[in-house]
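Residue-level structure breakdown
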Amino acid sequence: MGTTTILSDLGTEIVIPICAVIGILFSLFQWYLVSQVKLSPEKPAADGKNGFTEALIEEEEGVNDHTVVHRCAEIQNAISEGATSFLFTEYQYVGVFMAIFAILIFVFLGSVEGFSTSSKVCTYDTTKMCKPALMTAVFSTVSFLLGAITSVVSGFLGMKIATYANARTTLEARKGVSKAFIVAFRSGAVMGFLLAANGLLVLYITINLFKIYYGDDWEGLFESITGYGLGGSSMALFGRVGGGIYTKAADVGADLVGKVERNIPEDDPRNPAVIADNVGDNVGDIAGMGSDLFGSYAESSCAALVVASISSFGNTHDFTSMMYPLTVSSVGILVCLITTLFATDFFEVKNVKQIEPSLKNQLIISTVLMTIGIAIVSWIALPSSFTIFNFGAQKVVKNWQLFLCVGVGLWAGLIIGFVTEYYTSNAYSPVQDVADSCRTGAATNVIFGLALGYKSVIIPIFAIAISIFVSFSFAAMYGVAVAALGMLSTIATGLAIDAYGPISDNAGGIAEMAGMSHRIRERTDALDAAGNTTAAIGKGFAIGSAALVSLALFGAFVSRAEITTVDVLTPKVFIGLIVGAMLPYWFSAMTMKSVGKAALKMVEEVRRQFNTIPGLMEGTAKPDYATCVKISTDASIKEMIPPGALVMLTPLIVGIFFGVETLSGVLAGSLVSGVQIAISASNTGGAWDNAKKYIEAGVSEHAKSLGPKGSDPHKAAVIGDTVGDPLKDTSGPSLNILIKLMAVESLVFAPFFATHGGLLFKFF
């Protein structure tokens, strides 16, 4: 087969960790730049330029600078404490689950060969001996714990950075939109680069450490690495569901009582749920999203490695080609680094109108540069032709075909991003139509919003379908796995744009609570509206990549469970298919109802405070923020367990009792229905939210005719937004974890299910 690679093994061993370290250093540098915005009031110097501008700002805003800075710092501390205490509580519960699941992995995988410590004959080369199944069990458990810990750390660091940056963004907004945008974006970049680089570095180090033991047994080595993806995703599930329930309970409670009943502005300090709402943005959209994308990234890498380990790369022990997925991700970090400089250093955002284009350009620039990056990597890190394992046969693939597989995933991601933006941004007609439907009340608003969500599924599904067809035609399941990696190769930029949204949202809340002028609030609102759209784009990416990742994992599962064909016409598979398609609905029902129950408690508490605390409405008394934070925390911790258990237990129950054929049906069914519901739920919610913002901002004549705040159309829009909140921030984003997690879990347990599964069918 083909020639050897241009890049030597030593070159690969240097390139991957160096790119990861560059990513980490870059994120620390961005964090240093953000930290230069001081949160303690400093006396303006009498002379020099700086003192002069500070004094000007004080006169301009007509408030004493020191009290404003002091209040911003206070509010930021309250948000940070709330978020930290929630995550600690959540991680305690999740820690117990992690321990139990780690034991399960060890017991199930160890029992495949009856806990034997003797070597076994390799599956793909019967002349060689491979390491015992017991060691696969040990190493899978270790990599599961590593993935889980990396995921938790990613989410936690992201949350810390976001709460560190929100008040700083507010303070910079006094100097103009440009300064505030740069602080918010840089803080997002800190999270994006830390997460991408950490995930890559830990995975790379794990592979190299495991290699010391496994030596020539690459099949066993990469089998045990799959635990890393499972660990990352199982933590993400609880982070996403718990954080989503938390943020929406607070948001819905604050909106229904504050805006609709009491007619006070959003983020008004008199509203008791306002701190809980701001905390929720960080634990749901930042910590949850971070863990989620880390999970996708870990799983797509693991899926690609498992499929490759049983092909010619694994058989000939070609290290550079084997590490191709990680090399693509390494180049992605460098590409995103250059792209970030376009937003912060090369081009300055001078006014409100430039915010959204600047964020969109990030996606375009990173995709174009990454295409060149992939071409170079495919040329130097792959032999000119090689074979890939394809359901029992070996398929010959050329290196340019693999470049096309990664490229098609990358560009499909961009298309999904832009379609999502078209359907959720209030700059385009779909959202403006939804806003217009508010004239006749909340009912028509809900009908229009649902229709928009269903319609927005069409193009993303075609984009995913085409990328699956192209990548599978060229390189079988390996092609699909690297297409998913292609979509995630610009993860650092995607996450930076995504984290920017909640940071701007918090900045606006802090400006309102600190009593800053209307002008500053307008600036933060403009940042936030752009952030809302980019958050929807981030969710689109997450869902699209989840579909490809899930399919790649499905392929790896089928080859590991040694199933040659999945025949839909056999009853075993068909019952799995129909049950699998039902699971996303069951899961969504649980998460939606959880938000409803938690929001109910929150509404009652907020009403109670308004009714019983004298002087609260007049602003002379302070509300009890802590009780609302506690209600959100308790409700989300309690309510995240049943949906989490549903997802984690389904593959185990189906695999043990019904066997691998039925399980393959369940995975296919949940993938097909989960993707559709996830896209429509998050886009519907995003459209309702931006329709409300469109009416509130009142920029165009059309928007002015629907407003102002407090008008009937505005109230109808608030109700639509409240219905959409749990759709876009709880059910929708959690569904992509459901489809990935079930697939990766099935892959990890595949040897056990293949050996001992299908108990029921053994009796009948």
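Criteria and thresholds
- Residues numbered from 1 in each chain as written.
- Predicted model: local features only at pLDDT ≥ 70, side-chain atom pairs only at ≥ 80, totals over all residues.
- Heavy atoms only, no water.
- Helix = DSSP H or I, 4+ residues; strand = E, 2+ residues; numbered from the N terminus.
- Buried < 20%, exposed > 50% of the residue type's maximum accessible area, 1.4 Å probe, protein only.
- Areas by Shrake-Rupley, 256 points an atom, 1.4 Å probe, with all protein chains shown as cover.
- Phe/Tyr/Trp six-rings, centres within 6.5 Å; stacked < 30°, edge-to-face > 60°.
- Patch = residues over 30% accessible without salt bridge, like charges linked within 9 Å, V, L, I, M, F, W, Y side chains within 5 Å.
- Salt bridge = Lys/Arg side-chain N within 4 Å of Asp/Glu carboxyl O.
- pLDDT = per-residue confidence, 0-100.
- Contact = heavy atoms within 4.5 Å.
- Polar contact = N/O pair within 3.5 Å; in protein donor to acceptor, adjacent residues only side chain to side chain.
- Expected span 1.5 Å × (residues − 1).
- Bend = angle between axes of the 7 residues up to and from the residue.
- Core = buried A, V, L, I, M, F, W, Y, C linked by side-chain atoms within 4.5 Å.
- Axes fitted to C-alpha atoms, helices over the stretch in contact; angles between N-to-C directions.
- Parallel < 35°, antiparallel > 145°, perpendicular 65-115°, else oblique.
- Left-handed = near helix turned anticlockwise from the far one by under 90°.
- Nonpolar A, V, L, I, M, F, W, Y, C, P; charged D, E, K, R; others polar.

1. Considerations on the overall build of the chain
On a plain count of helices and strands, the chain comes out with 22 helices and four strands. Based on the C-alpha atoms only, the size of the chain along its principal axes is roughly 85 × 60 × 45 Å. Classification of the 764 residues of the chain by burial places 64% in the buried group. Of the roughly 26,300 Å² of accessible surface on the chain, a fraction of 67% belongs to carbon and sulfur atoms.

2. A closer look at the packing of aromatic side chains
The geometry of two aromatic rings is summed up by the distance between their centres and the angle between their planes. Summed over the entire model, instances satisfying the criterion amount to 25 aromatic pairs. Between Phe139 and Tyr214, the ring centres sit 5.3 Å apart and the planes meet at 55 degrees, which makes this aromatic pair tilted. Highlighted residues: Phe139 in helix α4 (residues 133-172) and Tyr214 in helix α5 (residues 177-214), separated in sequence by 75 residues. The pair formed by Phe139 and Tyr214 is uniform in burial state, with each residue classed as buried.

3. Examining a nonpolar patch on the surface
On the surface, Ile103, Phe106, Val107, Phe115, Val138, Val142 and Leu146 cluster together into a nonpolar patch covering about 520 Å² of accessible area. The residue Val142 is located in helix α4 in this model. Note on Val142: relative accessible area 36%, which makes it partly exposed.

4. Here's the deal with the confidence of the model for the chain
Taken over all residues, the pLDDT of the chain has a mean of 87, while the share at 70 or more is 95%. Averaged pLDDT values for the elements of the chain fall to 41 in helix α2 (residues 48-61) and rise to 96 in helix α14 (residues 442-455). Here residues 43-63 is modelled with pLDDT under 50, and outside its nearest four sequence neighbours on either side it reaches 16 contacts, counting other chains as well.

5. A closer look at the side chain of Thr722
Structurally, the position occupied by Thr722 is in helix α21 (residues 712-756). Of the residues examined, Thr722 reaches a relative accessible area of 10% and is grouped as buried. In terms of polar contacts, Thr722 uses its side chain to reach the backbone carbonyl oxygen of Val718, at 2.6 Å. Ignoring any residue separated from it by four or fewer positions in sequence, one finds Thr722 in contact with Val252, Asp255 and Leu256.

6. What to know about α4
Between the first and last C-alpha of α4 there are 57 Å, a value that for 40 residues agrees with the 58 Å anticipated at 1.5 Å per step. Approximately 25 degrees is the largest bend angle found in α4, and it occurs at Ala165.

7. As for the environment of Thr570
Within the secondary structure layout, Thr570 lies in the loop between α17 (518-560) and α18 (571-612). Taking relative accessible area as the criterion, Thr570 reaches 31% and is therefore assigned partly exposed. Along the primary structure Thr570 and Glu661 are separated by 91 residues, whereas in three dimensions their C-alpha atoms are 9.2 Å apart.

8. Details of the nonpolar core
In terms of nonpolar packing, the biggest core is built from 226 residues, with Tyr324, Ile355, Tyr478 and Phe557 touching the most fellow members. Discounting chain neighbours no more than four positions away, the residues touching Tyr478 are Ala304, Val307, Ala308, Phe313, Ser321, Tyr324, Pro325, Ile388 and Leu402. Within the second largest apolar cluster, 18 residues are counted, among which are Tyr423, Ala435, Cys438 and Ile695.

9. Description of the pattern of salt bridges
Applying the stated criterion across every chain, the model contains 31 salt bridges. We note a salt bridge from Glu701 to Lys704, for which the minimum N-O separation is 3.9 Å. Of the two residues, Glu701 and Lys704 are both situated in helix α20 (residues 701-706); the distance of three residues between them amounts to about one turn of the helix. One salt bridge in this structure joins Asp729 and Lys728, with 2.8 Å as the shortest N-O distance. Here Asp729 and Lys728 have matching classes, each one buried.

10. Observations regarding unusual backbone geometry
Glycine aside, residues mostly have negative phi angles, and peptide bonds mostly take the trans form. One non-glycine residue, Asn263, lies in the positive phi region at around 60 degrees. Residue placement: Asn263 occurs in the loop between α6 (218-261) and α7 (274-309). Of note in this structure, Ala476 is not a glycine but carries a positive phi near 50 degrees. Looking at the element boundaries, Ala476 is found in helix α15 (residues 458-488). Classification of Ala476 by relative accessible area gives buried; the value is 0%.

11. Considering the packing of α7 against α21
Between α7 and α21, the shortest axis-to-axis distance is 11 Å and the interhelical angle comes to 25 degrees. Comparing their axes, α21 and α7 come out roughly parallel. Pair α7 / α21 crosses with left-handed handedness. Contacts from Asp285, Asp292, Gly295, Ser296 and Glu299 of α7 reach α21 at Asp729, Pro733, Asn736, Ile737, Lys740, Leu741 and Val744.

12. A closer look at the packing of helix α10 (residues 324-346) against α15
Two elements in contact, α10 and α15, have axes whose closest approach is 10 Å; the angle formed by their N-to-C orientations is 20 degrees. The orientation of α10 relative to α15 falls into the category roughly parallel. As for the relative orientation of α10 and α15, their crossing is right-handed in sense. Between α10 and α15, the residues in contact are Tyr324, Pro325 and Ser329 and Tyr478, Val482 and Leu485, respectively. Taken together, the residues that form the contact of α10 with α15 break down as five nonpolar, one polar and no charged.

13. Some thoughts on α17
Taking 1.5 Å of rise per residue, the 43 residues of α17 would be expected to cover 63 Å, and the 61 Å separating its terminal C-alpha atoms lies within 8% of that figure. Of all 43 residues in α17, 38 are buried, a share of seventy percent or more.

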